[in-house]
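Descriptive structure summary
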Number of protein chains: 2
Amino acid sequence: MTGLNLSYVVVVALIAVAALAMAALFRREVLAAPEGTESMKTIARAVQEGAAAYLNRQFRTLGIFVVLVFGLLFLLPGDPGVRFGRSLFFLVGAAFSAGIGYLGMWLATRANVRVAAAARDEGRDPAMKVAFRTGGVVGMATVGLGLLGAAIVVLTYQEDAPTVLEGFGFGAALLAMFMRVGGGIFTKAADVGADLVGKVEQGIPEDDPRNAATIADNVGDNVGDCAGMAADLFESYAVTLVAALILGQVAFGQEGLVFPLIVPALGALTAVLGIYLTRPRPGENGLTTINRAFYISAVVSAVLCAIAAFAYLPDSFAQLDGGLGDHDGDPRILATAAVFLGIVLAGIILWLTGYFTGTDKKPTEDVAKTSLTGPATVILSGIALGLESAVYTAMVIGGAVYGAFLLGDGSVELSLFLIALAGTGLLTTVGVIVAMDTFGPVSDNAQGIAEMSGDVDGEGAQILTELDAVGNTTKAITKGIAIATAVLAATALFGSYTRAISDELAAVGADIAGETSFLIDIVSPNVLVGVIIGASVVFMFSGLAINAVGRAAGAVVFEVRRQFRDDPGIMAGTSTPAYGRVVDIVTKDSLRELATPGLMAALAPIAVGFGLGVGPLAGYLAGAIATGVLMAVFLANSGGAWDNSKKLVEDGNHGGKGSEAHAATVIGDTVGDPFKDTAGPSINPLIKVMNLVSVLIAPAIVSMTVGADANDGLRYTIALVAAAIIIGAVWFSKRRSAIIGEDEPARQGAAV
Amino acid sequence: MTGLNLSYVVVVALIAVAALAMAALFRREVLAAPEGTESMKTIARAVQEGAAAYLNRQFRTLGIFVVLVFGLLFLLPGDPGVRFGRSLFFLVGAAFSAGIGYLGMWLATRANVRVAAAARDEGRDPAMKVAFRTGGVVGMATVGLGLLGAAIVVLTYQEDAPTVLEGFGFGAALLAMFMRVGGGIFTKAADVGADLVGKVEQGIPEDDPRNAATIADNVGDNVGDCAGMAADLFESYAVTLVAALILGQVAFGQEGLVFPLIVPALGALTAVLGIYLTRPRPGENGLTTINRAFYISAVVSAVLCAIAAFAYLPDSFAQLDGGLGDHDGDPRILATAAVFLGIVLAGIILWLTGYFTGTDKKPTEDVAKTSLTGPATVILSGIALGLESAVYTAMVIGGAVYGAFLLGDGSVELSLFLIALAGTGLLTTVGVIVAMDTFGPVSDNAQGIAEMSGDVDGEGAQILTELDAVGNTTKAITKGIAIATAVLAATALFGSYTRAISDELAAVGADIAGETSFLIDIVSPNVLVGVIIGASVVFMFSGLAINAVGRAAGAVVFEVRRQFRDDPGIMAGTSTPAYGRVVDIVTKDSLRELATPGLMAALAPIAVGFGLGVGPLAGYLAGAIATGVLMAVFLANSGGAWDNSKKLVEDGNHGGKGSEAHAATVIGDTVGDPFKDTAGPSINPLIKVMNLVSVLIAPAIVSMTVGADANDGLRYTIALVAAAIIIGAVWFSKRRSAIIGEDEPARQGAAV
């Protein structure tokens, strides 16, 4: 193993440790800020306790599942030592993902009150700094843990690293998916429920302390938008890195296990730069500041990566240790071009999302205008906007994939590695992206605490409103970037999928002539059926997630109504609502609702792969990727545009607050909530979980289908059990489908 | 050409002529019914004139386009005689499609008043009979013209028939797509516009004569739900038949050009039976009557087809003249099984659609319940229902494809033919299906005329309301069947696609090693990009169609408001609104809005195929089929469930008419209008147009990519021109995007 430059990997590991040290430094800065009034502290504490209680409960539930998967992973074929490493790093990936999520929540619930206090006592710039530094902690921790994990695997397992990395990526993606779905259901059930009773029925403002769901709503911002999002971005980071390292070995030999680590390590350095650059200039819009930091750090990353490629890589494939020795391109140029593609892709998505969801752009203005003809036209125009804008984003991502494909110049293996490398280019911006994203829920929560405590008014309140609006746009942008990483990583993982199949075929020495389940021609009807099933899973998953929010929100509505009815003192402001009861209800409902979509994501590839074969499973993945990217962006952008068109009307357009037009946009916003914060963002980890499950099971499918150990009975049994569990879970969730809107007495019985 | 049993084809042609004669007979029956009062006749005449004016204008516009395509088709490579036949039968297919559409509209606008008169003077059963006989005319004409066209092609061109049939199917699909999109925009723009001003703003009932948009609304039912739907079902019939005949020759040799004609010919016979069977028993629900007719004719078809297969086909492939001589299955059993699959598929879709959209079923009841928590939850629950139900339908269709694939037992060619044969099995039910579908708009219109004239009340009015509700469900079922034919035909057409490629490769004697654009492996990144683009086109098409309705409806809203404002006598009932102006506005807007989605459908495969190659184009088609079936059913079922949940509330549930809950469901219904009647049903012809365009251009792409005539410059130029036209059309339609909800003065300027 002379070819592997372990010294470089050690340097990467050290950079990772440095990133974690930066995270600790930023954390101290945040916690050092003052916490505001007693009343603000009390509210913050309630939110902290609610969020911690939810996450602890969620981790306990998921713990059982993780241990189960740990065992199942170990049952798959392969060398026992490597298998053990894979299972072990599955646990590490899951733990890192959960840890980042917990950190994001923990810090956000402490930063929110500090942002509110800074806005109250010190002004906009200090408030913005606290919010962005909080994001910096999560961003640096994401980058640090992702790099550290990957570097340790490469150092420990060297040429066996790819297989072990599959476990690391899978652990990260699986946990992130559950946290995204569960947190997404929690946050939107509480939000929608609070709005339906508070704003719509009782006409009291958002975050009014008389609304029993307000604490739950604020808890939701932290467990969904902070914890779920942080885990999701960590997972995007880890899986992209994993895909690049797996394919790097095929295309670039041993350098391929090092260079993909160098690129994001440089990104870690520039992320620190970006976070320090985020100093608002006087009178500047917050979004401008953040965008500037993004673009500067992107350009610096690009330059550093080009330097690294030319310094580190040889000028011909023949000089690589392993890889595609006979290819006649220049590895330095190809690698640089691929990384550039990824960085440019991030920039275009940033701009495109801003265009479609920004309050000062035509698309959202058009949606706001349709409020003059009522809620139906608001819904229709928002849906049409989402459908169309999804196509542009999908085309841009597809263009990047195709660009990397063309760079590969006829070699599919090289193309796939370059696609993964473009993914690592995207990753160089993740530090700043996470910081941007965390900004959103922290400002949202700060506004909530300020409103509930009543201690922040005048200029302080206005500052928080402005920061909240900036946060909405940064959240939408992050979703676009996250789904782009999903497509790049998933496309690249096709390379490991086919390699897993051909390796296993070679190992069992089987002849597959006449085995149609091995066809991966897209024109074969069974592969096409796979494509249809893959696309179906995305539709089903989205439908289930939206329904889950509706049901859980219904439970919130009835509980809040009950409290108003049973204790008239609440409305009068003389007694305090039982906030904890609503938090409890949403916690239980979210964890229960989580199961069906989660099981479906993990088990559907197993049912298709073992039941129909590896060809249809490839079709399945292609269908899921294509429909997934469109559905994810559609849901995110429709939701973002509705949210901001409501803000436009609230700013005094088309009749302003309290008008019919405003009511119409509030309805649009409520529809958009589960679109943009539950179903949409969950599709990103969904795609990766399904891809990694497929890569992991491919050898087992092959060995059960052909060769000496072929066992059709066992194969079909596995497929049927997986399918039966999915059908059972869906059937079970249907039994609960009528809760929302049900007559109250019946509901009371069901909820208690 | 000894093998071709022309005598059987002549019998089929005679059955086709007999079906047309039946259509003429039914038509006389319908026209013989009394027309009601003078006032009813006057209204009916206005609707007749408006509908005829719209269709004539549409045909003039499309005529230019059809002539253009006629010429372009002739430019494609191939034998001049066959090419001319293909272009000629393209015209015939287009003319038949247009003719069926015109007939559907013509008769429906005459039947509506007769149904109203029968309900008024004679009771439910005679009214239902007139409505169903009208459907019978269209159904028999669809079946007759489809069979006749195909039989004439087979008789004339014999072994060259497949190529000529491509033209016939393409003409039918292209015209149908434009009629579906244009008619769909017309009908929903008028409907939504009328509802927004009438029901929502002015609080006057549907079809109130004071609303200037009522005549346009009734015209819309005829040009969209009748003409568009009839053309669409004719296209489904023709394309499925074409796919079966093309693939039949490959798999079954010369018998393969005859047997696929025999199956639907038997269907024509059983359709007559079904139509005569539709005699409501006393006190029976209209839907029960229709379902009984469907199931009886389906069972009779199945039995007759089995008899025909065993009588006509030999018991081994070796005895076939041509085809897969060495296959060891029994053609009689395989053919019977495939036809059964198709018939069973039709039955399951009938049941599934009824379950998800029926007023007496849990899913729609649940959507109605959510009206208690306002419009946002109605929208969310309807969308979730649509997303989930689409998956079940897609799974059932995918299951049928997979079943036919398994029957093929390892031979992809045979599988594809059996899939097409399953499609012809579905076709045996088309006669009854068209009759069921036409029932919907005719009853809807009858109710409109009754309401406007004020001459039908009491029991008569109640009968019409009941018939209208039955019509809603039959319409939803038809859409499910139509999309199933799209998937089966499109999947089967993959066979002709790959054959076109391999034939042309053989002709140019080219070596494609290293040409990645010829890869059709789904794991190749460029093919995956094709899948993403294919899925994107479905999203874009849906978004454009929904937006188009929104814009055109906005124009209606402002015109009706203007009339109310300028002439107070309208509201007082002393003066008549200018109905014609609204019809004119909707006519112009629909034809203008039609262009963008239409051009995209026709040109996107050209851009992808010439630009990226035949492999990515195959991916493109797979992506479009998979996403298309899901999107089509999602849109149809969400819309159907919203419509019927509104009916549930109107029947007195959850507060009944005039309650908050009712207002919430009216919003849901309005959102559902363009979903279920514009975007959703247009996806069916969209898929087929794109497939046929791809089959037609495949040889040209091959010859421009490899071989002696390779010309990359020309190839990329064609791709760029196609892409530029699409982008230009989208950009142009965006310029109009702000019309709905715009300030009235600005809009007035734009509309006039």
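Named according to an unreviewed UniProt entry, chain A is K(+)-insensitive pyrophosphate-energized proton pump originating from Jiangella ureilytica.

Moving on to the UniProt feature "site: Determinant of potassium independence" (unreviewed entry) in chain A. Residue and element names in this part refer to chain A. When the UniProt feature table is mapped onto this chain numbering, "site: Determinant of potassium independence" (unreviewed entry) sits at K475. Ignoring any residue separated from it by four or fewer positions in sequence, one finds K475 in contact with D225, D437, G440, P441 and D677. One polar contact links K475 to D225, side chain to side chain, over a distance of 3.0 Å.

Residue and element names in this part refer to chain B. Mapped onto the secondary structure, N222 falls in helix α6 (residues 214-252). Assessed through its relative accessible area of 0%, N222 is described here as buried. Among the polar contacts listed, one links the side chain of N222 to the backbone oxygen of N218, at a separation of 2.8 Å. When residues no more than four places from it in sequence are discounted, the contact partners of N222 are V47, A51, M105, A108, T109, N112, A227 and N445.

Right, let's talk about the packing of helix α17 (residues 579-612) of chain B against helix α18 (residues 614-650) of chain B for a bit. All names here are of chain B. Remark: α17 packs on α18, axes separated minimally by 7 Å, with the N-to-C direction vectors making an angle of 150°. Residues A604, P605, V608, G609 and L612 of α17 form the contact with α18, whose own contacting residues are V614, P616, L617 and Y620. Residue composition of the contact of α17 with α18, by class: eight nonpolar, one polar and no charged.

Below, the discussion takes up the packing of helix α6 (residues 214-252) of chain A against helix α12 (residues 412-427) of chain A. Residues and elements named next belong to chain A. The geometry of α6 relative to α12 is characterised by a closest axis approach of 8 Å and an angle of 145° between their N-to-C directions. Considering only the axes of α6 and α12, their crossing is left-handed. Taking contact as the criterion, the partners of S236, Y237, T240, L241, A243, A244, L247, G248, V250, A251 and F252 in α6 are, on α12, E413, L414, L416, F417, A420, G423, T424 and L427. In terms of residue class, the contact of α6 with α12 is made up of 13 nonpolar, five polar and one charged.

Moving on, we get to the pattern of salt bridges. Applying the stated rule across the entire model yields 56 salt bridges over all chains. Salt-bridge contacts for D669(B) lead to K646(B); the nearest nitrogen and oxygen are separated by 2.8 Å. Pair noted here: D669(B) is in helix α19 (residues 660-705) and K646(B) is in helix α18, with a separation of 23 residues, a long-range link. What makes D669(B) buried here is its relative accessible area of 5%. K646(B) gets classed as buried once you look at its relative accessible area, which sits at 5%. A cluster of three or more residues bridged by salt bridges with shared partners is formed by K188(A), D191(A), D225(A), K475(A), K479(A), D643(A), D673(A), K676(A) and D677(A).

At the interface, 81 residues of chain A touch 82 residues of chain B. Note on chain A versus chain B: buried area summed over both sides is about 7,300 Å², and carbon and sulfur give 80% of it. For the interface between chain A and chain B, the tally reads zero salt bridges. Along the contact surface separating chain A from chain B lie five residue pairs in polar contact (both at pLDDT 80 or more). Secondary structure elements with two or more residues in the side of chain A that touches chain B: α10 (362-369), α11 (375-408), α12, α14 (459-508), α15 (525-566), α18 (614-650), α19 (660-705) and α20 (712-735) of chain A. When residues in the side of chain A that touches chain B are grouped by element, the largest group, 19 residues, is from α15(A). Here the residues of the side of chain A that touches chain B are counted per class, giving 53 nonpolar, 20 polar and eight charged.

Conventions adopted
Residues numbered from 1 in each chain as written. Chains lettered and ligands numbered in written order. Predicted model: local features only at pLDDT ≥ 70, side-chain atom pairs only at ≥ 80, totals over all residues. Heavy atoms only, no water. UniProt positions renumbered as here; feature names shortened; annotations may be inferred. Contact = heavy atoms within 4.5 Å. Polar contact = N/O pair within 3.5 Å; in protein donor to acceptor, adjacent residues only side chain to side chain. Helix = DSSP H or I, 4+ residues; strand = E, 2+ residues; numbered from the N terminus. Buried < 20%, exposed > 50% of the residue type's maximum accessible area, 1.4 Å probe, protein only. Axes fitted to C-alpha atoms, helices over the stretch in contact; angles between N-to-C directions. Nonpolar A, V, L, I, M, F, W, Y, C, P; charged D, E, K, R; others polar. Left-handed = near helix turned anticlockwise from the far one by under 90°. Salt bridge = Lys/Arg side-chain N within 4 Å of Asp/Glu carboxyl O. Buried area = accessible area lost by both parts, 1.4 Å probe.

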